[in-house]
Amino acid sequence: QVQLVESGGGSVQAGGSLRLSCSASGLTSSHRLLAWFRQRPGKEREGVAALDSTGRKTYLDSVKDRFTISQDSAKNVLYLQMNNLKPEDTAIYYCAADYGTLVTVEPPAPKRFGNWGQGTQVTVSS
């Protein structure tokens, strides 16, 4: 059974940085499609960044050049480094994992993933 636990959220001022972590257990060698999503107040959940076992990465246009997704495979930890945060980045951030590889230039839709963490709140003040 896959378990994903996010940490690293918090409150920062605009322009600040946070690094989110997602500790994973129960992943198999097939669970190599990993992603970060967020749900902003009053909005649908959206893909922020994703990576797969081929090394391919995709990002939401509004976070390109500010956010970086990475993983430590040995430790089974997924990261999201967020720099130059903006108030519109305020959201609950979730990590997700599933089988397969990236096939689109945008992060996959939420329905693509069957395994989710509980989320961590990120609040950016102006």
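Above this note sits the structure.
These numbers were taken from a predicted model, which means no experiment stands behind them.

1. Quick look at the nonpolar core
- Core analysis: the largest hydrophobic core is formed by 28 residues, its most contacted members being Trp36, Leu80, Met82 and Tyr93.
- Contributions of two or more residues to this core are made by strand S3 (18-25), strand S4 (33-39), strand S5 (46-51), strand S7 (67-72), strand S8 (77-82), strand S9 (91-98) and strand S11 (120-125).
- For Met82, the residues in contact, after removing those within four places along its chain, are Gly16, Ser17, Leu18, Leu20, Arg66, Phe67, Tyr93 and Val122.
- Ranked by size, the runner-up nonpolar core spans 7 residues in total, among them Leu33, Ala35, Ala50 and Leu102.

2. A closer look at the packing of aromatic side chains
- A complete count under the given rule lists 4 aromatic pairs for this structure.
- Judged by centre distance (6.4 Å) and plane angle (80 degrees), the ring pair of Tyr94 and Trp116 falls under edge-to-face. Of this pair, Tyr94 sits in strand S9 while Trp116 is found in strand S10 (residues 115-116), placing the two residues 22 residues apart along the sequence.
- Owing to a relative accessible area of 10%, Tyr94 belongs among the buried residues under this scheme.
- For Trp116, a relative accessible area of 27% gives the class partly exposed.
- Among the aromatic residues, those joined into a ring-pair cluster are Phe37, Tyr94, Phe113 and Trp116.
- Geometry around Tyr94 places Arg45 over its ring, the cationic atom sitting 3.8 Å from the centre.
- Here the guanidinium or amino end of Arg45 rests over the ring plane of Trp116, the centre of that ring lying 4.8 Å away.

3. Overview of unusual backbone geometry
- Even without glycine at this site, Asn76 takes up a positive phi of about 55 degrees.
- Assignment of secondary structure puts Asn76 in the loop between S7 and S8.
- On the basis of relative accessible area, Asn76 is assigned to the partly exposed category, the value being 25%.
- Located in the positive-phi region is Asn84, a residue other than glycine, with phi close to 50 degrees.
- Structurally, the position occupied by Asn84 is in the loop between S8 and S9.

4. Focus on the pairing of strand S1 (residues 3-7)
- The alternating pattern of S1 places Leu4 and Glu6 on a buried face, while none of Gln3, Val5 and Ser7, on the opposite face, is buried.
- In terms of strand pairing, S1 meets S3 through 5 bridges, oriented antiparallel. Across the sheet, Leu4 pairs through a bridge with Ala24, a residue of S3.

5. A look at the environment of Leu4
- Examined against the element boundaries, Leu4 turns out to sit in strand S1.
- Taking the relative accessible area as the measure of exposure, Leu4 reaches 8% and is therefore buried.
- Residues Leu4 and Ala97, 93 residues apart in the sequence, show an inter-C-alpha distance of 8.3 Å.
- Not counting residues within four places of it along the chain, the set of residues in contact with Leu4 comprises Cys22, Ser23, Ala24, Cys95, Ala96, Ala97, Asn115, Trp116, Gly117 and Gln118.

Cut-offs and rules
- Residues numbered from 1 in each chain as written.
- Predicted model: local features only at pLDDT ≥ 70, side-chain atom pairs only at ≥ 80, totals over all residues.
- Heavy atoms only, no water.
- Core = buried A, V, L, I, M, F, W, Y, C linked by side-chain atoms within 4.5 Å.
- Buried < 20%, exposed > 50% of the residue type's maximum accessible area, 1.4 Å probe, protein only.
- Helix = DSSP H or I, 4+ residues; strand = E, 2+ residues; numbered from the N terminus.
- Contact = heavy atoms within 4.5 Å.
- Phe/Tyr/Trp six-rings, centres within 6.5 Å; stacked < 30°, edge-to-face > 60°.
- Lys NZ or Arg CZ within 6 Å of the ring centre and 35° of its normal.
- Pairing = 2+ DSSP bridges.

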